Amino acid sequence: MILLNPGPVCTSERVRNSLLKGDICHRESEFSTILSNTRNKILQVFAPNGGYVTAIITGSGTASLEAGICSSVSEGRKILIINNGVYGERISRIASAYKIDKVELKYDWLERPDINQIEDAILQDTEIEVVSMVHHETTTGLINPIHEVGAITKKHNKTLFLDSVSGLGGEEIDLANDNVDICIGTANKCIQGLPGLSFVLLKKEEVQRLRSIPPRSLYLNVISQLDEQEQKGECPFTPSVHTFYAFEEALDELLEESVLGRINRYKKASSYLRKEFKRLGLELLLPEEFLSNTITALSLPNNMTYVHLHDSLKERGFIIYAGQGLLNKTIFRIANMGELTMNDLEAFIANLEEVIDGR
Ligand SMILES: Cc1ncc(COP(=O)(O)O)c(C=O)c1O
């Protein structure tokens, strides 16, 4: 199957084969070495100039998001949530689940947030401590303005919390320059590892602040995860050992390809797909200047349901992805993350054309 959903993505044989390295005990030095190597490689890829630490959490992207949120807002302070999609909404639901006070700036899913409104919201409420935003809204493929928001949070001395679960590895970002204090990533999207591991990148200056916040969760606590990983070379609870093999291998591949190389490969793939979608008369949901390098949301072809389109393409070996929420009946999404060749994409377009033409 060629996976054109935004994760878990198609992985290389090298990543899949790494699972067979063998069974080891997570309390032995062999695992400590893998843990330390993997953490160092995350930092090498995403914080090459230093200034950040990282903790890897066994759990999908949402686990690290929960850990990041419930560990970073002090009692009696608030989180400002910039919400323009399903994943902005998820941050809001996490804050509610932990009974963290929040201020929400809600936008239409096809809209970018208004920078002046964000600054006004910060100025109006001195209890706001953390400002959260999604880097790449996977709902629509929209890239949010990190650099501009980072400049504002820095100016007002707020913590910028970024969900880059579908961004890291596929989009340009410079954590230090963009003033990102806490950033969440996952192994199985643009990093091209396997599902089951996610991570929190934390600016070194934030560690002391987080340390002063009483834990709201035993498992999903950034400081206890970080301390155990840094000081003892272990994870506090049983980690998904074999998934670590695959994560380290995927990071090696990314280092070999370079982040820029990967971004360029994804850019080439999405430009090809978007040109072909237009040729086939499919309408892009968002203006191209808003779009990420990896997701294209499209209106369904005339007189065709998503189920028909999905099932016909699945029979031919391609997995596409539905719209979410309100967009569920009207759009579909194509992701070009992962180990995909131009031949795969050309074959997909040929099959898509046949299905649209009813052949
Ligand atoms: C932007 C974003 N944040 C968070 C998540 C949640 O990740 P997971 O499904 O791995 O828990 C996703 C998943 O697609 C995502 O795209």
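Basis of the calculations
- Counting starts from 1 at the beginning of each chain's written sequence and moves along it residue by residue.
- Two thresholds apply to this predicted model, a pLDDT of at least 70 for residue-level local features and 80 or more for giving and counting side-chain atom pairs, whereas whole-chain, interface and lining totals are computed over all residues.
- For the side-chain quantities, the full set of heavy atoms in the structure was used; hydrogens and water were omitted.
- Note on aromatic contacts: the rings of Phe and Tyr and the six-membered ring of Trp form a pair at centre separations within 6.5 Å, being stacked when their planes are under 30 degrees apart, edge-to-face when over 60 apart, and tilted otherwise.
- Strands here mean DSSP runs of E at least two residues long; helices mean DSSP runs of H or I at least four residues long; both are numbered from the N terminus.
- The classification of residues rests on relative accessible area computed with a 1.4 Å probe and restricted to protein chains. Under 20% of the type maximum is buried, over 50% is exposed, and intermediate values are partly exposed.
- One fewer than the residue count of a helix, multiplied by 1.5 Å, yields its expected span.
- Note that the domain bounds were set by an automatic or database domain assignment.
- Any two residues whose heavy atoms approach within 4.5 Å at even a single point are treated as in contact.
- Here's the idea: put two parts together, see how much 1.4 Å probe accessible area each one loses, and the total over both is what we call buried area.
- We define a salt bridge as a contact between a side-chain nitrogen of Lys or Arg and a carboxyl oxygen of Asp or Glu at a distance within 4 Å.
- As used in this structure description, the phrase polar contact means that two N or O atoms lie within 3.5 Å; if the pair is within protein, one of them must be able to donate a hydrogen and the other to accept it, and residues adjacent in sequence are counted only when both atoms belong to side chains.
- Classes in brief: Ala, Val, Leu, Ile, Met, Phe, Trp, Tyr, Cys and Pro nonpolar; Asp, Glu, Lys and Arg charged; the others, Gly included, polar.

Student: In this structure, what is going on with the packing of aromatic side chains? I would like to understand it.
Tutor: Each aromatic ring pair is summarised here by two numbers: the centre-to-centre distance and the angle between the ring planes. Within the structure shown, the criterion is met by five aromatic pairs. With 5.1 Å between their ring centres and 80° between their planes, Phe31 and Phe244 make a pair best called edge-to-face. In this pair, Phe31 is assigned in helix α2 (residues 29-46) and Phe244 in helix α9 (residues 241-257), connecting sequence segments 213 residues apart. Classification of Phe244 as buried rests on a relative accessible area of 0%. Each ring, one from Tyr219 and one from Phe237, has its centre 5.0 Å from the other, and the planes form 15°; the classification is stacked. With a gap of 18 residues between them, Tyr219 in the loop between α7 (204-211) and α8 (222-232) and Phe237 in the loop between α8 and α9 connect regions that are remote in the sequence.

Student: Before we go on, may I ask you to explain helix α3 (residues 61-72) in this structure?
Tutor: Residue pairs three or four apart in sequence face the same way in an α-helix, which turns once every 3.6 residues. If you check α3, its first and last C-alpha atoms are 17 Å apart, about what 12 residues at 1.5 Å a residue would give, namely 16 Å. Among the 12 residues of α3, 10 are classified as buried, and the element is accordingly described as predominantly covered. Taken residue by residue, α3 has Gly61, Ala63, Ser64, Leu65, Ala67, Gly68, Ile69, Cys70, Ser71 and Ser72 as its buried positions.

Student: It is not clear to me how the domain arrangement of the chain should be interpreted in this structure. Could you clarify?
Tutor: Reports often express the size of an interface as the amount of accessible area lost when the parts come together. Here the domain parsing of the chain yields domain 1 (13-256) and domain 2 (259-356). Counting from both sides, the interface comprises 24 residues of domain 1 and, opposite them, 25 residues of domain 2. Buried area between domain 1 and domain 2, both sides added, is near 2,100 Å², and the carbon and sulfur share of it is 58%. There are one salt bridge connecting domain 1 and domain 2. Our enumeration of links across domain 1 and domain 2 arrives at 15 residue pairs in polar contact (both at pLDDT 80 or more). At the level of secondary structure, the elements contributing two or more residues to the side of domain 1 that touches domain 2 comprise α4 (86-97), β7 (142-143) and α9. By residue class, the composition of the side of domain 1 that touches domain 2 is 10 nonpolar, nine polar and five charged.

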